[in-house]
Amino acid sequence: KLIRQANASVGADNLVSLELTSRGTLRVGTTITVSGMFCYRCGCAECCRLTLSRVTLDGVPIFTKAEGDGCESIEGAPLLFQDTRQLCSSFPIDPFVLELRQEMRKTGKYIFEFALKSTDCGQNESPDLRVAMHTPPTATGPDAIRIEATAMTVGARHAAPLLTNYFFTSMVNQSSSAAGVQNTIGVQFSTRAPLSAGSAVRVTGLLGGATPDGPVTLFEGDADLFENATWVRETGALTFFWAPGNGSEPSRSYSFFFLLKNPDTAQDSPAVAIQALDPLATTLPSETDKGLGPSAPLLVNEFRDGAIGQATARPGAENTITVTFSSVATIFADSYTTVTLTGLTVTRTADQALPIAGDPVARGILPPTGVWAQATGSLAIPVITRLRASEMVEVSFGVVNPLRAQRQADVDILSSGIITAPRTLANDPGFSAPLLVWTNLTIKTIEQSTASATSANTISVTLSFLNGIAFDPDLLLTISGLTGSVTSERRIPVAVKVGANGTSEETFDVAQCLEGLSSGCEDACENVTDTESCLYNCTADCQVHPWPTEMAWDQTAGALVLASERYTMLQPGETMTVSFNLTNPSLEQSSPEVSIRMTDVLPDWVRMDKGLERLAPLEIAGFLFGRMSQSTAAQGVPNALTLQMVVKSTLPPGSTIAILGLTGPTNPSGPIPVVVAASNNSAAVASGAASSGSTATYNSS
């Protein structure tokens, strides 16, 4: 008494064979009952029903169900099922009864073959199959046989009756949730039915993996049991093959790892499925378990909708910073994830456990304090309960603004645990941008060295700030309105002098400052006790000048743009002088209006204070009015010439006025007397006096 099946694949057109050999002849009407065949239909109407398809005696067919035969048209059917009216109908599985319509001779090997549609879902083999046999009540004497239910021998491995293969366990996880990195993917699985040597298993759904199609190397765990593996990027499929002679054992767990490059953009972990492709034990794709939190395969996290702002831009004020963000992935407490804000520099807030507030704190998602580090401007906040995917988080905390003006901070958000690459938060506009501290210009003058046309003119800009200012390479100082110059180069030389002695005070390396001043740097530089100045002004060699030797120039707009080459500080009340040369135009012109603005700290144009009269920038000297007349047109007689003129700019003492074109007089070259009358613009107007006795030089040529 043996029962076995041909195939353990899901949904297979299976064949169940019942082998019986009797020690005695079984008479007509004898019933054979098989019990213990449990089958779960899983919604399949045609599954879990047996249909007799063939009977053999000692290997010779004695009954075969013809394809398409109706139940009533079978001739010579040797057996009867429970329902004697439908000789070829399907049996309910448990129990099923065979009633003999002809004798079953002793010692003959009968094999009853039943067609069976296997279920679409996995199931275990029937663990306790039994067979019983009873002759009809009319049998007497030696013909009366009654055998109660006894255990049957069942097929082994995939031949175990009604075993339909499935994955007993399956798990896929990863080592990193960071975007664009080489990730280690772990696969672990076990199947209920054994898998044959050379057969394949396929993991699908690893979508987003950036590794190109081709062979993949498996390593560690049970990798040596597999012959090769291939990767298809479009479907996110890894197919691996059992090496010859290996195969799997039922319910034993197997594992390995392989490398896969994460996508460059954030995504949730995709649904991953696993499927056995063994012809004798095929499974349908079934969803795998996944690692928790950051270990979920191809989970690439990203912080989105991030923004940051402040309550005040006032120097030295207590300031409230407000941050909003959301996470693409759900962050679980057991992922031990810490969200970090970094780049909040410079503040006067020392290292401490910094209180934070907001709804996530009230709901216990985030703790009431975070770890603040002043030097890097970072705040680390652990996630202590689940933070749901796409849930908007808003938190606020207090810092103290620096005393000096500074440009807005560029703040990044990142996380560890669930590794999330840094992403720059969007700053609120205007003075609400984080750690933007506005400036108060106390000196903003601009002067020139000469008002002479076509001359090389040195323009000097002098600036001073009430509370000082912190310059960085992204803080652009723009001066506009210097129109009329004939200087056309796009970059022009510039000299920047800071402080009373005209040099920038260079101090220590940032790290050295924070560590209490390195002796090597201290020997080379002046000691600085102001931590805020230290954070800005320190350099690796203690002597790097922060200002460039050239700057951008736009002739059309008369605009120059200057930026420092590194962080540097201007102390409160300290002056900064920017000098550069422009070539004056050839024609007279009035000094244009000149304005200044600075990135973030002085966003609106502010009119500069110009030097007086000829010192005003690009004020070019000239005559607004000029007329000459004579006293007589008679020949050979003395003639008095009169010059009337109005100058555009005040002429300093020692200035020379030349009149050209006076040809024809008989006067020899040399001095001639001049009488200068008071003009409307002269200080002599008040007295009404005229000056005489002056001379001019005449050149007859």
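Residues numbered from 1 in each chain as written. Predicted model: local features only at pLDDT ≥ 70, side-chain atom pairs only at ≥ 80, totals over all residues. Heavy atoms only, no water.

S.K.: Mind laying out the overall build of the protein chain, listing which residues take part and the relevant values?
M.R.: Helices and strands together make up the secondary structure of the protein chain, namely 4 helices and 50 strands. Burial statistics for the protein chain: of 701 residues in total, 44% are counted as buried. The long-range share in the protein chain, meaning contacts at least 24 apart out of those at least 6 apart in sequence, stands at 72%. In the structure as shown, the protein chain presents an accessible area of about 33800 Å², 52% of it carried by carbon and sulfur atoms. (Helix = DSSP H or I, 4+ residues; strand = E, 2+ residues; numbered from the N terminus. Buried < 20%, exposed > 50% of the residue type's maximum accessible area, 1.4 Å probe, protein only. Contact = heavy atoms within 4.5 Å. Areas by Shrake-Rupley, 256 points an atom, 1.4 Å probe, with all protein chains shown as cover.)

S.K.: Any chance you could break down the confidence of the model for the protein chain for me, citing the residues and the numbers?
M.R.: Overall, the prediction assigns the protein chain a mean pLDDT of 84, with 86% of residues at 70 or greater. Predicted confidence in the protein chain is weakest over helix H3 (residues 519-524), with a mean pLDDT of 40, and strongest over strand E28 (residues 378-382), with 98. Predicted confidence is poor over residues 70-91, with pLDDT under 50, and the contacts of this stretch with residues over four places away or in other chains come to 54 contacts. Ignoring residues within four places in sequence, the model shows residues 681-693, a span with pLDDT below 50, making 14 contacts including any to other chains. (pLDDT = per-residue confidence, 0-100.)

S.K.: Got a sec to walk through the sheet that holds strand E31 (residues 412-416)? Specific residues and values, please.
M.R.: If you walk across this open sheet you meet the 10 strands as E32-E31-E25-E28-E27-E26-E29-E24-E23-E33, and the pairing is mixed. Since the sheet does not close on itself, it has two edges, and those belong to strand E32 (420-424) and strand E33 (426-427), each with one partner. Looking at chain direction, strand E26 (residues 352-357) and strand E27 (residues 369-373) are connected through 4 bridges and run antiparallel. From the neighbouring strand, Pro355 faces E27, where its bridge partner is Thr369. (Pairing = 2+ DSSP bridges.)

S.K.: Quick one: what's the story with the nonpolar core, residue by residue and with numbers?
M.R.: Core analysis: the biggest nonpolar cluster contains 36 residues, and Ile469, Phe471, Ile479, Leu482, Met576, Phe580 and Met598 have the highest contact counts within it. In this structure Phe580 touches Asn457, Thr458, Ile459, Val461, Leu482, Ile492, Pro493, Met551 and Leu560, once residues within four positions along its chain are discounted. In terms of nonpolar packing, the next biggest core, distinct from the first, is built from 32 residues, Ile321, Ile331, Val393 and Ile413 among them. (Core = buried A, V, L, I, M, F, W, Y, C linked by side-chain atoms within 4.5 Å.)

S.K.: Got a sec to walk through unusual backbone geometry? Specific residues and values, please.
M.R.: Going from Thr345 to Val346, the amide bond is cis rather than trans, its omega being 0°. Looking at the secondary structure, you find Val346 in the loop between strand E25 (338-342) and E26. The backbone of Arg157 sits at a positive phi, close to 55°, despite the residue not being glycine. Within the fold, Arg157 resides in the loop between strand E12 (153-154) and strand E13 (167-174). Note on Arg157: relative accessible area 41%, which makes it partly exposed.

S.K.: Hey, could you go over a nonpolar patch on the surface for me, with residue numbers and the actual values?
M.R.: A cluster of nonpolar side chains, namely Phe623, Met628, Leu641, Leu643, Met645, Leu651, Ile657, Ile659 and Leu662, defines an oily patch on the protein surface of about 720 Å² accessible area. Those elements that place two or more of their residues in the nonpolar patch are strand E47 (623-630) and strand E48 (641-647). Along the chain, the position of Leu643 falls in strand E48. Residue classification places Leu643 among the partly exposed residues on the basis of a relative accessible area of 36%. (Patch = residues over 30% accessible without salt bridge, like charges linked within 9 Å, V, L, I, M, F, W, Y side chains within 5 Å. Salt bridge = Lys/Arg side-chain N within 4 Å of Asp/Glu carboxyl O.)

S.K.: An account of the side chain of Asn14 is requested, with residue identities and associated values reported.
M.R.: Mapping Asn14 onto the fold places it in strand E2 (residues 13-21). Within the structure, Asn14 has its side chain in polar contact with the side chain of Ser118 (distance 3.3 Å). In this view, Asn14 contacts Gln5, Ala6, Asn7, Phe114, Ala115, Leu116 and Ser118; residues no more than four positions away in its chain are not counted. (Polar contact = N/O pair within 3.5 Å; in protein donor to acceptor, adjacent residues only side chain to side chain.)

S.K.: Any details on the sheet that holds strand E22 (residues 289-290)? Residues and values, ideally.
M.R.: If you trace the 4 strands from one edge of the open sheet to the other, you get E19-E14-E13-E22, paired in mixed fashion. Of all the strands in the sheet, just strand E19 (254-261) and E22 have a single pairing partner and so form its edges. As defined by bridge partners, E13 adjoins strand E14 (residues 182-191) across 7 bridges and the pair is classed as antiparallel. If you follow Phe167 over to E14, its bridge partner there is Thr191.

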